[in-house]
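An overview of the molecular structure
Spelled out from the first residue to the last, the chains are:
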Amino acid sequence: MLKVKAISGLTGPEREAILTRSTEDIAQVLDYVRGIVARVKEEGDPPVLEWHRELKSDIEPQDLIATEEEIQAAFREVDPAVIAALKCARDNIRRFHQAQQERPMWTMENSPGVILGRMSVPLDSVGCYVPGGTAAYPSSVLMTVIPAKVAGVGRVVVSSPPGKNMRLNPATLAAARIAGADLVIKAGGPFAVAALAYGTATIPRVDKIVGPGNKYVTAAKLIVFGQVDIDSPAGPSEALILCDETAEPKHMALDFLSQVEHDPDAGAVLISTSARVAKETCRLINQLGPTLERQEQLSSALSRHSHVLLADSLDQAIELTNEYAAEHLQIVTQEPWAVLPRIRHAGSIFMGPNAPVPVGDYVSGTNHVLPTGRMARVFSGLSVDDFIKKPTFQYLTREGLAGLRDTVETLAKAEGLPVHAMTVRARFEDD
């Protein structure tokens, strides 16, 4: 049962436990996953087929690719209301990510005769990993595929674990078509990640792999990093609610519980400057929790990584909020816009009494592929920027090179690289 704790009364170990929360121990599975990745790199399709053979005994390489017939069947099977909701979400997500696009090219004259610039170039191919098997996450299809397509990626491949008889969840298949994916792979776990990183006879190689997954998927992404690019390592879902006396306790309790229903390792923290709000929210969490579905997830997450904290002041609350660096941060205060500039570390921020996290998870337009486990200190959520390279370029006139000649020669001499200096000097020999 949750109890309200005062931040000022936390011991050092208690505070550290709150901050470290549910970070997954990837190290314990690295050696196992490294063996899988090596096999797929060497052998290609066979280990991927072997892993999925329990789903279909007579599996063939072509079973790894979703067919047009399967995609059309998915649209007939999925509730039309779900299709409509996916299209609504797609449109909102696309608009928000289109707004992120920068100028395709810009230039400046840094000194007379020295023209510098930068241009944006989309990646050639991207793999979007979508968790599956026993559950479906069509929203994760939209969140990974759409920003890649908006960026102009040439080929976007979705890979998701299939169920019995190598059948993908129809909502996942429909979402892939709605989002604009070019190919759907029916493979999961580190086998899928390795196949996308190195390519097989059936599965095409990509340049970057994005999307959430369990610790085996995350370990595989870390192992293939360098062969391909990856997004930020992701762990269990987490949220922090920062609120004051204006917050409605019932809403805060439901927002809190909505996060811990994700996963037994999920985390939720509420920090309030109001003793009344903290105590009443805590009471409602304890009252409502046992009445909800997904008890296995809820009871574990509530007992392991969930806390209701009382702050002495807004300054103290914001300090701990920044230390926590939450994947999802809700600001439910009288002046959320005044608090926003003081937030340094958060994956995605939800402001005001009418912005619960599930709205952003599904349909408002922001991305739900976000850094967890305090990685919001250094990573951002998935965006168009993740699918674009930005090479620089320069053009120098003879006069421009002359203006920089002495500086280049001086620095080349200081670094002991005489040919560097000669490349510039040679262009003025005729003088």
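Nothing here was measured: the structure is a model prediction, and the numbers come from that model.

Some thoughts on the sheet that holds strand β2 (residues 105-111)
Taken in spatial order, the 3 strands of this open sheet run β2-β3-β16, and their pairing is antiparallel. Each edge of the sheet is formed by a strand with only one pairing partner; in this case those strands are β2 and β16 (392-396). Here the average twist between neighbouring strands, direction ignored, is 25°. Here 6 bridges tie β2 to strand β3 (residues 114-119), and the two strands are oriented antiparallel to one another. Bridging across to β3, S111 finds its partner in V114. Set on the sheet, helix α16 (residues 398-414) makes contact with β2, β3 and β16; between it and β16 the angle comes to about 100°.

Structural notes on empty space enclosed by the protein
Taken as a whole and judged by the stated rule, the model has 1 cavity of 30 Å³ or more. Quantified by volume, the largest cavity comes out at close to 30 Å³. Taken together, E102, R103, P104, M105, W106, R118, M119, S120 and K390 make up the lining of the largest cavity.

Quick notes on the layout of surface pockets
By volume, the second largest pocket amounts to about 320 Å³. Elements represented by at least two residues in the lining of the second largest pocket include exactly α11 (275-288), α12 (295-304) and β12 (306-310). Examining the composition of the lining of the second largest pocket, we find that 6 residues originate from one element, α12, more than from any other. Among the residues forming the lining of the second largest pocket, the class breakdown is 7 nonpolar, 7 polar and 3 charged.

A word on the sheet that holds β12
Taken in spatial order, the 6 strands line up as β1-β12-β11-β10-β13-β14 in an open sheet, and their pairing is parallel. Two strands lie at the open edges of the sheet, namely β1 (4-6) and β14 (346-351), each paired on one side alone. The average undirected angle you get between the axes of adjacent strands in this sheet is 20°. Two strands pair when backbone bridges link them, and strand β13 (residues 326-332) and β14 are joined in this way by 5 bridges, in the parallel orientation.

Details of the nonpolar core
Membership of the largest hydrophobic core comes to 39 residues, with the highest contact counts inside it found for L142, V145, V158 and F387. At the level of secondary structure, the elements contributing two or more residues to this core comprise α4 (68-77), α5 (80-98), β5 (125-129), α6 (138-151), β6 (155-160) and α7 (170-179). Among the elements that take part in this core, α6 stands out by supplying 8 residues, more than any other. Excluding residues that lie within four positions of it along the chain, V158 makes contacts with C128, V130, V141, V145, A176, A181, L183, V184 and I185.

Here we look at α6
With 14 residues, α6 ought to run about 20 Å at 1.5 Å a step, and its terminal C-alpha atoms sit 20 Å apart, in line with that. Among the 14 residues in α6, 13 count as buried, and that is most of the element.

So, how was this worked out
- Residues numbered from 1 in each chain as written.
- Predicted model: local features only at pLDDT ≥ 70, side-chain atom pairs only at ≥ 80, totals over all residues.
- Heavy atoms only, no water.
- Pairing = 2+ DSSP bridges.
- Helix = DSSP H or I, 4+ residues; strand = E, 2+ residues; numbered from the N terminus.
- Axes fitted to C-alpha atoms, helices over the stretch in contact; angles between N-to-C directions.
- Contact = heavy atoms within 4.5 Å.
- 1 Å grid on protein atoms, 1.4 Å probe; cavity = no way out; pocket = protein on both sides within 12 Å on 5 of 7 lines; lining within 4 Å.
- Points joined across faces, edges and corners; volume = space filled by probe spheres on them.
- Nonpolar A, V, L, I, M, F, W, Y, C, P; charged D, E, K, R; others polar.
- Core = buried A, V, L, I, M, F, W, Y, C linked by side-chain atoms within 4.5 Å.
- Buried < 20%, exposed > 50% of the residue type's maximum accessible area, 1.4 Å probe, protein only.
- Expected span 1.5 Å × (residues − 1).

Geometry only, nothing functional implied.
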